[in-house]
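Given next are the chains, with one letter for each unit.
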Amino acid sequence: MKFFKLTSINTFLIFACSIFISNAQESALKDHNVDNPVDISADRLEVKQKENIAFFTGNVVVTQSDMSLLSDRITVFYEEERGENSTSSISRLDASGNVTLTSPTETIRSTWGVYDFAERIITLGGKVEFNNAEGQLTSPRLQVNLSTGQITMDGGRVEGEGSGRVSGQFIPPESE
């Protein structure tokens, strides 16, 4: 009898995990247009013009289309374009301290993050917590591919931050 219960529980967990992963595998940020304008606000801004770097600190809010990134600090790396309108373009954002990335269907919290515009990839690390309607997953590192919407979570030991394994809690469907 114990074998049957264990098998039923294992089957349920595998089923719940596969439903969550199949839904979580494709982020709402699929096909996110990294070329859309990026709005940034913060308590303080310091610019190092010669190095093409800007430091935003204190309650930093970054928005682009239906995505937002909140953090204590954001470092913006940009490339100067020598065009008619003398604009510059962002190549990368580095976030640190209380990082929260939100999309229409998911919220991801972490210790740090990197938004690489050229690669169209957002990487979040430290103590990562991914939440959506199906449940919650934690891991030391998460990557969102903005072209495909694929979310990848990696295990691995992070100093002082738990087991270093990907783990999750899933919400079973309500019975009718």
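Structural data are supplied above this passage.
Analysis parameters
- Residues numbered from 1 in each chain as written.
- Predicted model: local features only at pLDDT ≥ 70, side-chain atom pairs only at ≥ 80, totals over all residues.
- Heavy atoms only, no water.
- Helix = DSSP H or I, 4+ residues; strand = E, 2+ residues; numbered from the N terminus.
- Buried < 20%, exposed > 50% of the residue type's maximum accessible area, 1.4 Å probe, protein only.
- Contact = heavy atoms within 4.5 Å.
- Pairing = 2+ DSSP bridges.

Asks: Describe in detail the side chain of T75, supporting the description with residues and values.
Replies: Tracing the sequence through the fold places T75 in strand β4 (residues 67–80). Judged by its relative accessible area of 18%, T75 falls in the buried class. In this view, T75 contacts I53, A54, F55, R92, L93 and D94; residues no more than four positions away in its chain are not counted.

Asks: Before we move on, can you summarise the pairing of strand β7 (residues 121–132) with the specific residues and values?
Replies: For β7, a buried count of nine out of 12 residues is recorded, marking the element as mostly surrounded by other parts of the structure. Here strand β6 (residues 106–116) pairs with β7 via nine bridges, running antiparallel. Counterpart to E106 in the pairing with β7 is N132. In terms of strand pairing, β7 meets strand β8 (residues 135–145) through 10 bridges, oriented antiparallel. If you follow I122 over to β8, its bridge partner there is V144.

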